[in-house]
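Observations on the three-dimensional arrangement
So the chains spell out like this:
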Amino acid sequence: MLAVRAEKIVKHLGKTLVLKGVTLEIKPGEFFFVLGPSGCGKTTFLRVLAGFLFPDEGRVFFGDKDVTFVPPHKRNAAMVFQHYALFPHMTVWENVAYGLKVRKLPKSEIERRVREALRLVRLEGFEKRLPLQLSGGQQQRVALARAIAVRPDLLLLDEPLSNLDAKLRAEMRGELRALQRQLGVTTVYVTHDQKEALAMADRIAVMHDGQIAQVGTPTELYRKPRNRFVAEFLGDANVWDGRVKSVYSDLVVVETSFGEVHCRPPSFTVSEGEKVWVMVRPEAVTVTANKTESTNLPNAFLARVEQATYLGESVEILARIGETVIKALQFRPSDGGLPNEVRIQFSSDDLVLLPHEVTEEVAV
């Protein structure tokens, strides 16, 4: 299995600076996601790894080998494009066999690899069909089969599920994850879909404006983001402006617009009087009708319910404390509903402090 390392990659497209010193290390056999909004540079980075683009500065290593300026066909990397790039006049068999024929493998080896690849993506019996005779999900599988048939050291996936409907996309997540595990090939997957990344990745690099905002496991990024961009991009987040009031060994007291909150110390150093952001996920906000002694409990506040939206598995609640509106999710809600006035409470473990000034790049 192949380790991949990108060091300080800089890339201009025309006069636009797209990649601003991207450094990443991908472990052998890892299912690694590059996640970010449109225009952040993630597809450009993928094309640099593939060899379709050469960086203006920086180096790319496959294991210990410097492949920065090695052309694509000599990297033993395979890429699945967003629109699959299947040959419309070729059958499924011919599409999957194409890369093997280019490599001039023996006919018997080509037949064996094509059958194996089609079996892995569950397309046996579809060999003679043309791409236009296939569904979107089947076309996606053909593109995958063509990529894995060449037995790449590195598999690159550029938003491969974005053209599928929601139900099929959810089904294919599990299939892709299982296939990657079965193959054991180092895989880099580019997407703007947060749920896709959280559900499938071993680790995720969140990109923002051509730089890496944070790298970590899905749980680390979701529960312990390092800056406001990651916190808000990875899902719903309540984020409030705050100022540090007191700092203790196991507690930081922060003054917000609606009162004091007690938080666990962050990964960065804070001092009294410093401005910070305070973040909590909606599902970590407890909402109860019991208002008894609410003002005497830490991180507990009286709030007025402004809106409650039934979502099936949960109710989304918007509650106001003074000028601040807080979003909460209540799972398995009762039929009785909520009174107009409720108690809002947070655990210190669920409150995350973020630096007020976003750090442009982090060490990985």
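In case you missed it, the structure is sitting above this.
Figured I'd write up the structure that's included with this text.

Once that is clear, we can look at the overall build of the protein. Helix and strand counts for the protein come out as eight helices and 20 strands. Out of the 364 residues in the protein, the part that is buried amounts to 50%. Expressed as a percentage of contacts within the protein between residues at least 6 apart in sequence, the contacts between residues at least 24 apart total 66%. When the accessible area of the protein is evaluated, it comes to approximately 17600 Å², of which 50% is carbon and sulfur surface. The positive charge centre, built from 48 side chains, and the negative charge centre, built from 45, are 8 Å apart in the protein.

Glancing now at the packing of aromatic side chains. How two aromatic rings sit relative to each other is set out by the distance from centre to centre and by the angle between their planes. Tallied over the entire structure, the rule returns eleven aromatic pairs. When the centroid spacing of 6.1 Å and the interplanar angle of 35 degrees are considered together, the rings of Phe52 and Phe81 count as tilted. Residue Phe52 is located in the loop between α1 (42-50) and β4 (57-62), and its partner Phe81 is located in the loop between β6 (77-80) and α2 (92-102); the two are separated by 29 residues in the primary sequence. The interplanar angle of 80 degrees and the centroid separation of 4.9 Å between the aromatic rings of Trp240 and Phe258 together place this pair among those described as edge-to-face.

A separate point is the sheet that holds strand β11 (residues 238-247). Read from one edge to the other, the open sheet built from five strands follows the order β13-β12-β11-β14-β20, with strand pairing classed as antiparallel. Two strands bound the open sheet, and with one partner strand each, they are β13 (259-263) and β20 (352-355). Averaged over all pairs of adjacent strands, the angle between their axes in this sheet comes to 45 degrees, without regard to strand direction. Here β11 pairs with strand β14 (residues 275-280) via six bridges, running antiparallel. Following the sheet pairing, Trp240 is matched in β14 by Val278.

This part takes up the nonpolar core. When a protein is soluble and globular, its nonpolar side chains tend to lie buried together. Grouped together as the largest cluster of nonpolar side chains are 50 residues, with contacts concentrated most on Val96 and Val206. It is helix α4 (residues 136-149) that provides the largest number of residues to this core, a total of seven residues. Setting aside residues no more than four positions away along its own chain, Val206 makes contact with Leu35, Gln211, Ile212, Ala213, Gln214, Leu221, Phe229, Val230, Phe233 and Leu234. One finds Val22, Leu49, Phe62 and Leu154 within the second-largest nonpolar core, a separate group that totals 31 residues.

It is worth spelling out the pairing of strand β2 (residues 16-26) at this point. Taken together, the eight bridges between strand β1 (residues 4-13) and β2 define a ladder with antiparallel strand orientation. Bridging from a neighbouring strand, Val10 pairs with Lys20 of β2. Adjacent in sequence and paired antiparallel, β1 and β2 are bridged by two residues, among which Gly14 carries a positive phi angle near 70 degrees.

Take the environment of Gln138 next. By the secondary structure assignment, Gln138 is in helix α4. Separated by 77 residues in the primary sequence, Gln138 and Val215 have C-alpha atoms spaced 32 Å apart. For Gln138, the contacting residues outside a window of four places in its chain are Leu123 and Phe126.

About the thresholds
Residue numbers here run from 1 along each chain, matching the order of that chain's written sequence. Per-residue local features are limited, in this predicted model, to residues with pLDDT of at least 70; the limit for side-chain atom pairs, both in listing and counting, is 80 or more; totals at the level of whole chains, interfaces and linings are taken over all residues. To get the side-chain values, take all heavy atoms of the structure and skip hydrogens and water. Per the convention used, a helix needs a DSSP run of H or I reaching at least four residues, while a strand needs a run of E reaching at least two, with both numbered from the N terminus. The rule is simple: take the accessible area with a 1.4 Å probe, protein chains only, and divide by the maximum for that residue type; under 20% is buried, over 50% is exposed, in between is partly exposed. Pairs of residues are marked as contacts when any of their non-hydrogen atoms sit within 4.5 Å. All accessible areas in this document rest on Shrake-Rupley with a 1.4 Å probe, and a residue is counted as covered only by the protein chains that are shown. In this tally, Lys and Arg are treated as positive and Asp and Glu as negative; His is ignored, and so are the chain termini. To locate a charge, the coordinates of NZ of Lys, CZ of Arg, CG of Asp or CD of Glu are taken. Between rings of Phe, Tyr and Trp, where Trp is taken as its six-membered ring, a pair exists when centres lie within 6.5 Å; planes separated by under 30 degrees are stacked, by over 60 edge-to-face, and by other angles tilted. Strands qualify as paired when DSSP identifies two bridges or more between them. Lines fitted to the C-alpha atoms define the axes, with helices restricted to the stretch that makes contact. Angles between their N-to-C directions range from 0 to 180 degrees. Only buried residues count toward a nonpolar core, which is a set of Ala, Val, Leu, Ile, Met, Phe, Trp, Tyr and Cys residues joined through side-chain atoms within 4.5 Å.

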